[in-house]
Structures are given as structure tokens and as C-alpha cells.
Amino acid sequence: QTYFLHCIPMQVGPASKNARHIADWMRAVLTLQFACCMLQIFWFGAFIAAFWTGALVALGIYAWNQDMHITYICVWGVGCLLNGIADTLGLILPLVFDILFLSWFEIPFRALVPVSELIGAAFAWHLYLDYFHTGGGAPGGFLENDPILDPMGNLVNDVDPNNYQSLMAGLQKQ
């Protein structure tokens, strides 16, 4: 087993059956991130932040287009995590001013950007765990079958994002 940067697996062969099965979730997360990118450009005028979000979306689309390739998905997930943390920290000051100036309408939209990136990171983590559980490698130790470490596991595996009733039923179970 070879790794990129000592932690990201280098996929050899096709994606797992489960990764292919939940490719629609990847498309849904990427659509949400693309919408947030457009929100950053046209509403907030944050062009540099939108550039990084757009780069993450492009990397995610490439990973999805490459048959859910785990190496690219992991790089996308790490990027989503780092960008999500940075955007969360960058959200604090504008959020305080929105509250002070009673801009209640902007608060959920500002918060949506880091939330979409952190959802992308959690989804990439789910696929990382799936890769190891389906024979891509042996994670060992703390990664073995602990549902707490996979926050998206049940939702992603049991719910179809293209089916509204399935989505609502899955969200009610959470």
C-alpha cells in the first residue's frame, strides 16, 4: 500500500461498490459548495475566498469524474477541512457586525459557506473509512467500526439524495 503525504491512500483499481453507490451524495455536496461559491462572488464580493472555494469544487468534480478516486477525494476533503476552519474563523467578526447592525438575513448565508466545506470534509472522511473497510488497506486501531468517528455514515448509506421522501425520513432519524 502506498500513500501520498504518508496519510492519503493511492488508489489502485476501481472505486469500492459503496463509493460508487453514494456518488450522488458527492454531487449534492459539490452542488452546495458551488452555490456557496456563487454566493461569495455575487452577494459578499469575497473574490479570493470564492477562488479557493471554486478550486475545491473543481477538485471535487475531478475526483467525482474519476470514478470516486479516493486519492483525489482525500485531497479534496483535507482542502475542505482547512478551508472550513479558516472560513469559520473568518466568519466570527462579520457575524458579530451582522448581529450588531441587525443584518439577520445575512447570518445564515454567511454560515452556509463553512458549513458546506465541513460537510465536504465529513463526506470525504466517510469515503476514506469506506476505502479501508472494503479492503483498500488496514487502518487498525481507533478506525475500526466506531460509528462516532463517522458522522455521515448512516445518513449517506441509507438515504438517496435524489429522493425527497427518503431524504426527509433519513433526516428525521438523525
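Scroll up for the structure.
Scope of this entry: the structure provided in the associated data block. Throughout this document, residue positions are counted from 1 along each chain, in the order its sequence is written. It should be noted that, the model being predicted, local features are given only for residues of pLDDT at least 70 and side-chain atom pairs only at 80 or more, the latter also being counted only at that level, while totals for whole chains, interfaces and linings use all residues. Calculation of side-chain values draws on the structure's entire complement of heavy atoms; hydrogens and water are dropped beforehand.

1. Description of the overall build of the chain
Consideration 1: Segments assigned H or I by DSSP are reported as helices when at least four residues long, segments assigned E as strands when at least two residues long, and all are numbered from the N terminus. Along the chain, the regular secondary structure elements total 7 helices and 2 strands.
Consideration 2: The order of helices and strands in the chain, counted from the N terminus, is β-β-α-α-α-α-α-α-α.
Consideration 3: Between buried and exposed lies partly exposed: a residue is buried under 20% and exposed over 50% of the maximum accessible area for its type, with that area taken using a 1.4 Å probe on protein chains only. Counting over 174 residues, the chain shows a buried share of 37%.
Consideration 4: Across the chain, contacts joining residues at least 24 apart in sequence account for 68% of those joining residues at least 6 apart.
Consideration 5: In the structure as shown, the chain presents an accessible area of about 10,100 Å², 69% of it carried by carbon and sulfur atoms. Contacts between residues were defined by any pair of non-hydrogen atoms, one from each residue, lying within 4.5 Å. Note on areas: Shrake-Rupley with a 1.4 Å probe; residue coverage comes only from the protein chains shown.

2. Some points on the nonpolar core
Consideration 1: Ranked by size, the top nonpolar core spans 30 residues in total, and within it Trp-25, Met-26, Met-68, Ile-73, Trp-76, Phe-123 and Leu-127 carry the most contacts.
Consideration 2: Elements represented by at least two residues in this core include exactly helix H2 (23-44), helix H3 (47-65), helix H4 (70-100), helix H5 (106-136) and helix H6 (153-158).
Consideration 3: Broken down by element, the residue count for this core peaks at 9 residues, all from H5.
Consideration 4: Non-local contacts of Ile-73, meaning those with residues more than four positions away in its chain, are made with Met-26, Ala-63, Met-68, Ala-124 and Leu-127. Note on terminology: a nonpolar core comprises buried Ala, Val, Leu, Ile, Met, Phe, Trp, Tyr and Cys residues joined through side-chain atoms within 4.5 Å.

3. Side note on the pattern of salt bridges
Consideration 1: By salt bridge we mean one thing: a side-chain nitrogen of Lys or Arg within 4 Å of a carboxyl oxygen of Asp or Glu. Under the criterion given, the structure shown has 2 salt bridges.
Consideration 2: In this structure, the salt-bridge partner of Asp-24 is Arg-27, at a minimum N-O distance of 3.3 Å. Of this pair, Asp-24 and Arg-27 both sit in helix H2, 3 residues apart, roughly one helical turn.
Consideration 3: By relative accessible area, which is 26% here, Asp-24 ends up partly exposed.

4. Details of the packing of H2 against H3
Consideration 1: Between H2 and H3, the shortest axis-to-axis distance is 9 Å and the interhelical angle comes to 160°. One way to sum up the angle between H2 and H3 is to call them roughly antiparallel. H2 and H3 meet at a crossing whose hand is left-handed. Across from Ala-23, Met-26, Arg-27, Leu-30, Gln-33, Phe-34, Cys-37, Gln-40 and Ile-41 in H2, the residues of H3 making contact are Phe-47, Ala-49, Ala-50, Thr-53, Gly-54, Val-57, Gly-60, Ile-61, Ala-63 and Trp-64. Axis lines are fitted to C-alpha atoms, over the contacting stretch for helices. Their N-to-C directions set the angle, which ranges from 0 to 180 degrees. Geometric relationships in this document are graded by angle, where less than 35 degrees denotes roughly parallel, more than 145 denotes roughly antiparallel, 65 to 115 denotes roughly perpendicular, and other angles denote oblique. The handedness criterion is simple: a crossing whose near helix is rotated anticlockwise from the far helix by less than a right angle is left-handed, and one whose near helix is rotated clockwise is right-handed.

5. Observations regarding H2
Consideration 1: In this model H2 runs 30 Å from its N-terminal to its C-terminal C-alpha over 22 residues, within 8% of the 32 Å that 1.5 Å per residue would give.
Consideration 2: Of the positions making up H2, those classed as buried are Ala-23, Trp-25, Met-26, Val-29, Leu-30, Gln-33, Cys-36, Cys-37, Leu-39 and Gln-40.
Consideration 3: Looking one or two places after H2, you find Gly-45, whose phi comes out positive at around 70°. By this rule the span expected of a helix is its residue count minus one, scaled by 1.5 Å.

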